[in-house]
Every structure is written in structure tokens, then in C-alpha cells.
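A structural walkthrough
One-letter residues, chain by chain:
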Amino acid sequence: MTTHQSENITELDKNALREELPEVFCFEHLDDIDVDALLARCERTGEPFEKLSVSPIN
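Analysis parameters
Residues numbered from 1 in each chain as written. Predicted model: local features only at pLDDT ≥ 70, side-chain atom pairs only at ≥ 80, totals over all residues. Heavy atoms only, no water. Helix = DSSP H or I, 4+ residues; strand = E, 2+ residues; numbered from the N terminus. Buried < 20%, exposed > 50% of the residue type's maximum accessible area, 1.4 Å probe, protein only. Areas by Shrake-Rupley, 256 points an atom, 1.4 Å probe, with all protein chains shown as cover. Axes fitted to C-alpha atoms, helices over the stretch in contact; angles between N-to-C directions. Parallel < 35°, antiparallel > 145°, perpendicular 65-115°, else oblique. Left-handed = near helix turned anticlockwise from the far one by under 90°. Contact = heavy atoms within 4.5 Å. Nonpolar A, V, L, I, M, F, W, Y, C, P; charged D, E, K, R; others polar.

For the protein, the count of helices and strands is two helices and zero strands. By the burial criterion, 7% of the 58 residues in the protein qualify as buried. Accessible surface for the protein amounts to roughly 6,100 Å². Of this, 52% is attributable to carbon and sulfur atoms.

Dropping the structure here:
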């Protein structure tokens, strides 16, 4: 039997950010900023990885 221990992972809620940023930009008189383009420029794809599973020896 393989046991996986999970860690708490923090993720960015992009949908919430897309909703909040236009309000912030409007308040700061930066209405002309394209939020989707801004976020697209800041995204990157992570490298593939393998997960090692260790089973106890009986």
C-alpha cells in the first residue's frame, strides 16, 4: 500500500484577481490596463515533475 502525505498548497484565485484588479485600476485612474493581457504576461508553465512514492517494508 502506498501512502501519500499531502502538503498545504497555496494557489492564486485568478478569477477573483480578474474581478478585483479592474476596480483597483479604476480607483487609481489606470482604467486603460488590460487585466487579461497583464495576467497572461505574468503566467508561466512549470516544469514537469515526477512524484516519488515510498511504501513501508513489511
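Contact pair helix H1 (residues 14-27) / helix H2 (residues 35-42): the axes reach a minimum separation of 10 Å and the direction vectors enclose 120°. When the axes of H1 and H2 are compared, the pair comes out oblique. The hand of the H1/H2 crossing is right-handed. Contact residues: Leu 17, Arg 18, Leu 21, Pro 22 and Phe 25 in H1; Val 35, Asp 36, Leu 38 and Leu 39 in H2. Classifying every residue of the contact of H1 with H2 by side-chain character gives seven nonpolar, no polar and two charged.

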